[in-house]
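Fold and geometry: a report
Spelled out, the chains give:
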Amino acid sequence: MTFDRSIKIAPSILSADFANFGGEIRAIEAEGCDWVHVDVMDGHFVPNLTFGPQLCVAIRPHVTTLMDVHLMISPVDPYIDAFAQSGADILTAHLEAGPHIHRTLQAIRAAGCKAGLALNPGSGIDSVADMLDMVDLICVMTVNPGFGGQKFIHGQIDKVRRLRAMIGDRPIHIEIDGGITPETAPLMAAAGADVLVAGSAVFKGGSVETPAPYGDNIRAIRRAAEAATGVMA
Ligand code: DX5
Ligand code: ZN
C-alpha cells in the first residue's frame, strides 16, 4: 500500500445486499471504487450489530482493491488477531472504544495491519496529536456511528481542516465516514480529506444485476471531490 493523497472512494458494504456481499464487492470494484469499507458493529459500542471476522474471511477472496475494516466494537484488543488473520488491510479502532488506544494501535500494527484511528463527532483532535507516529489513517466520523443513511454533520468540517494542518506531510490518510454525497464530498475534500466512505450514496439505485448506478454514483462523488481540490482525473 504506497501512500498518496489522491481522492479515494470507499463504499461501505453496510448499505449492500447482506445476502450477496461477494457479488456486491465484485460489482463496486468493477464500477471503479478504490477501497471496500467494512463496518463491523458489536451492538455494544454502537446500537447496531453487523458481522465479525468470519465475514471478513468470506469476503477477502472477492476484494481485489483494499479491505478497510472499521471496528465499531469495544473492547477491540481481543479481536485484533482474528481480523488481521482474515486478511484486513486496515484495521480502524475508535478512540472512544477503551482506555488504552495507544496499546490497541500498537497491537494492530504488530498483527501486520495498517492502523486507523476513528474519532466520533464528539471527540476532538487534540487526543491524536501524540499518536501521529502510531497511525496510517485517521477517520473523522461525520455521523454518530451505527447506521447508514444518516445526515452529514457539517460541524466536522473545521475539525478536518485543523487535522490536516496537524498531519502536515506525514503519510496519514484522512478518511471521512458518514453522510458523504456529491454535495458533501467537496466540503471535506477542500478541508483536506482524501478517503471518502459512502454507503447509501453509492449503492442507491443499483444492484448486483444492474450495477451501472454504482459507477455513476462513485464517479459523481469523485468528480465533486476532485473539483474541490483542483485535481481533475
Ligand atoms: C456508520 C458507518 C458508516 C456508514 C456510512 O456507523 O461507519 O460507514 O455505513 O453510510 P452512509 O454513507 O450511508 O452514511
Ligand atoms: Zn464506517
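A brief report on the enclosed structure follows. (Residues numbered from 1 in each chain as written. Chains lettered and ligands numbered in written order. Predicted model: local features only at pLDDT ≥ 70, side-chain atom pairs only at ≥ 80, totals over all residues. Heavy atoms only, no water.)

Comments concerning the site of ligand 1
- The environment of ligand 1 is formed by 20 residues, the closest being Asp 39, Gly 146, Asp 177, Gly 199 and Ser 200.
- Within the side chain of Ser 12, one N or O atom sits 3.1 Å away from an oxygen atom of ligand 1.
- For ligand 1, an oxygen atom lies 3.1 Å from a polar atom in the side chain of His 70.
- Relative to its unbound accessible area of 380 Å², ligand 1 is 100% covered by the protein chains.
- Taking a 2 Å distance to the grid points as the criterion, the majority of the atoms of ligand 1 fall inside the largest pocket.
- Listed by contribution, the elements that provide at least two residues to the shell around ligand 1 are β2 (36-41), β3 (67-72) and β8 (195-198).
- Ranked by the residues each element gives to the shell around ligand 1, the list is headed by β2, at three residues. (Near = heavy atom within 4 Å. Polar contact = N/O pair within 3.5 Å; in protein donor to acceptor, adjacent residues only side chain to side chain. Areas by Shrake-Rupley, 256 points an atom, 1.4 Å probe, with all protein chains shown as cover. 1 Å grid on protein atoms, 1.4 Å probe; cavity = no way out; pocket = protein on both sides within 12 Å on 5 of 7 lines; lining within 4 Å. Sits in = over half its atoms within 2 Å of the grid points. Helix = DSSP H or I, 4+ residues; strand = E, 2+ residues; numbered from the N terminus.)

A short note on the coordination of the zinc ion (ligand 2)
- Binding of the zinc ion (ligand 2) to the protein goes through His 37 (NE2), Asp 39 (OD), His 70 (ND1) and Asp 177 (OD), at separations of 2.1 to 2.3 Å.
- Coordination at the zinc ion (ligand 2) comes from six donor atoms whose angles at the metal span 71 to 174°, giving a geometry best classed as octahedral.
- Motif for the zinc ion (ligand 2), donor spacing along one chain: H-x1-D-x30-H-x106-D. One end of the pair, His 70, is in strand β3; the other, Asp 177, is in strand β7 (residues 173-177), and 107 residues separate them in sequence. With respect to burial, His 70 and Asp 177 carry one shared label: buried. (Donors = N, O, S within 2.8 Å, 3.2 Å for Na, K, Ca; no water. Tetrahedral: all angles 85-135°; square planar, octahedral: opposite > 155°, others 65-115°. Buried < 20%, exposed > 50% of the residue type's maximum accessible area, 1.4 Å probe, protein only.)

Overview of the packing of aromatic side chains
- Summed over the entire model, instances satisfying the criterion amount to four aromatic pairs.
- Ring geometry for Phe 18 against Phe 51: centres 5.7 Å apart, planes inclined by 35°, an arrangement best described as tilted. One end of the pair, Phe 18, is in the loop between β1 (8-11) and α1 (21-30); the other, Phe 51, is in the loop between β2 and α2 (53-59), with 33 residues separating them in the sequence.
- We classify Phe 18 as partly exposed; its relative accessible area is 42%.
- The class of Phe 51 is buried, set by a relative accessible area of 12%.
- Ring centres of Phe 21 and Phe 51 lie 5.6 Å apart, and the angle between their planes is 90°; on these two criteria the pair is classed as edge-to-face. Here Phe 21, found in helix α1, pairs with Phe 51, found in the loop between β2 and α2; they are 30 residues apart in sequence, far enough to count as distant.
- Grouping aromatic residues by their ring pairs yields a cluster made of Phe 18, Phe 21 and Phe 51. (Phe/Tyr/Trp six-rings, centres within 6.5 Å; stacked < 30°, edge-to-face > 60°.)

Details of the nonpolar core
- Core analysis: the largest hydrophobic core is formed by 73 residues, its most contacted members being Ile 13, Val 38, Val 69 and Leu 196.
- Beyond its immediate sequence surroundings of up to four residues, Leu 196 is in contact with Ile 7, Lys 8, Ile 9, Ala 10, Ile 176, Ile 180, Ala 185, Met 188, Ile 221 and Ala 225.
- Formed by eleven residues, the second largest nonpolar core is a distinct cluster that contains Leu 137, Cys 139, Val 143 and Val 197. (Core = buried A, V, L, I, M, F, W, Y, C linked by side-chain atoms within 4.5 Å. Contact = heavy atoms within 4.5 Å.)

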